[in-house]
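So the chains spell out like this:
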Amino acid sequence: MRLAGRRLLQSPWLFAGPAVAASIAFVWLPMVSTLGLSFFDWSLLRQEATWRGLAHYRGTLANPDFHLALTNTGLYLGVLLPLQVGVPLVLALALVRVQARAVGRVYRTALFAPSVLSFPVAAVVWLWLFNPTVGFLNTLLASAGLPAQRWLSDPDLALWSVVAVAFWKSFGLNLLIFLAALANLPKDVAEAARIDGAGPLRQAIDIDIPLVSPAIFFAVVTTIIVVLDEIVGAVDVLTEGGPYRTSSNLLYFLYERGFRHFQFGEAAAVAVLIAAIVAFVTWAQFRFGERHVHYE
């Protein structure tokens, strides 16, 4: 009996079991259920489910609103990825060279502070700044003699306004990651570069950036996740996908299908398509991006 109890305590399933059970209950079962639901027509108003086969997928792929949401998602990703990785990297390279520690701490705190906010909270703050009548941005334009702008209701400005909020809110986390990576670089390498006559710019390009490439790769992966996932909170609060769906993205399109139109079968099909897109993007990152990462 004592031997059986000892074997039970030594069993790896005693430790892995809760995590595996939680993964099955909260990850794999919902994924399988969503895949199954995508082939049926079902809503909260009626309990019976009607088999639709691939009709939801064909309808979604033929929907011009889905095409626009996909295009907007590509725009968000194409603009925010270089901004949220490149700008924090440049700022981190500059901040690690600040000699006064107190000044460096002030800059780091100020730049990182927006990252602790959620996207909806950050969007509410920016709603006041974007206000067309009493907002700070239009007040600033008026003081410069420039016409006021309809930041969130102009089809040409709405998406870029969301981009500005997403960048302001998210780049501080990547800045912290790069600062931590730069702080752990071997001092002898930097000292040898200085002895050889390398200036700050040459040292940053030839030494610092290659040595922090694992942190850059990590920042790229997490930034893509933020752009594809969390930015929907800013879209919902600021523009609700408008005007004329010019600021919508894939997840907001999914939200509309499921929780505004209560078309859960169609929403499940959209979710499966988004999962396939994310899987492809993730594969591309590791297939073509990781080869440029230097771990030693």
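Just so it is clear, the structure is predicted and the values come from calculations on it, not from any experiment.

Chemist: Just to check I follow, could you spell out the overall build of the chain for this structure?
Modeler: Each helix and strand counted, the chain has 14 helices and two strands in total. Going through the 296 residues of the chain one by one, you find that 36% of them count as buried.

Chemist: In this structure, what is going on with the nonpolar core? I would like to understand it.
Modeler: Soluble globular proteins tend to pack their nonpolar side chains together in the buried interior. The biggest cluster of nonpolar side chains holds 26 residues, and the ones touching the most others in it are Tyr 76, Leu 80, Phe 130, Val 162, Ile 231 and Leu 238. Among the secondary structure elements, those contributing two or more residues to this core are helix 4 (64–95), helix 6 (119–129), helix 8 (158–183), helix 11 (213–230) and helix 12 (232–238). Per element, the largest residue contribution to this core is five residues, and it comes from helix 8. Not counting chain neighbours up to four residues away, the residues in contact with Val 162 comprise Tyr 76, Ile 231, Ala 234, Val 235, Leu 238, Thr 239 and Ser 247. The next biggest cluster of nonpolar side chains, apart from the first, holds 17 residues, and it includes Val 85, Leu 175, Ala 204 and Ala 219.

Chemist: I'm lost on the packing of aromatic side chains in this one. Help?
Modeler: Pairs of aromatic rings are described using the distance from one ring centre to the other and the angle between the two planes. Per the stated rule, a full pass over the model turns up 13 aromatic pairs. Centre to centre, the rings of Phe 259 and Phe 264 are 6.3 Å apart; their planes meet at 85°, and the pair counts as edge-to-face. In this structure Phe 259 comes out as exposed when scored by relative accessible area, which is 58%. Note that Lys 169 overlies the ring of Phe 119, its terminal NZ or CZ placed 5.1 Å from the centroid.

Chemist: Can you help me understand the pattern of salt bridges in this one?
Modeler: A pair can form between side chains of opposite charge whenever their charged atoms are brought close. Using the criterion set out here, one finds five salt bridges in the structure. A salt bridge links Arg 245 to Glu 256; the shortest N-O distance between them is 2.6 Å. Of the two residues, Arg 245 sits in the loop between helix 12 and helix 13 (250–259) while Glu 256 sits in helix 13, which places them eleven residues apart along the sequence. Arg 245 gets classed as partly exposed once you look at its relative accessible area, which sits at 24%. One network of salt bridges, in which partners are shared, links Asp 65, Arg 245 and Glu 256.

Chemist: It is not clear to me how the packing of helix 6 against helix 8 should be interpreted in this structure. Could you clarify?
Modeler: The relative placement of two packed helices comes down to the angle between their axes together with the axis-to-axis distance. Relative to each other, helix 6 and helix 8 sit at 125°, their axes nearing to 10 Å. By the angle between their directions, the pair helix 6 and helix 8 is classed as oblique. Where helix 6 crosses over helix 8, the two elements pack in a sense that is right-handed. Residues Phe 119, Ala 122, Ala 123 and Trp 126 of helix 6 touch helix 8, and the partners they reach there are Val 165, Ala 166, Trp 168, Lys 169 and Ser 170. Of the residues that constitute the contact of helix 6 with helix 8, the class distribution is seven nonpolar, one polar and one charged.

What counts, and where the lines are drawn
- Residues numbered from 1 in each chain as written.
- Predicted model: local features only at pLDDT ≥ 70, side-chain atom pairs only at ≥ 80, totals over all residues.
- Heavy atoms only, no water.
- Helix = DSSP H or I, 4+ residues; strand = E, 2+ residues; numbered from the N terminus.
- Buried < 20%, exposed > 50% of the residue type's maximum accessible area, 1.4 Å probe, protein only.
- Core = buried A, V, L, I, M, F, W, Y, C linked by side-chain atoms within 4.5 Å.
- Contact = heavy atoms within 4.5 Å.
- Phe/Tyr/Trp six-rings, centres within 6.5 Å; stacked < 30°, edge-to-face > 60°.
- Lys NZ or Arg CZ within 6 Å of the ring centre and 35° of its normal.
- Salt bridge = Lys/Arg side-chain N within 4 Å of Asp/Glu carboxyl O.
- Axes fitted to C-alpha atoms, helices over the stretch in contact; angles between N-to-C directions.
- Parallel < 35°, antiparallel > 145°, perpendicular 65-115°, else oblique.
- Left-handed = near helix turned anticlockwise from the far one by under 90°.
- Nonpolar A, V, L, I, M, F, W, Y, C, P; charged D, E, K, R; others polar.

Fair warning: the whole summary comes from geometry, so function is off the table for now.
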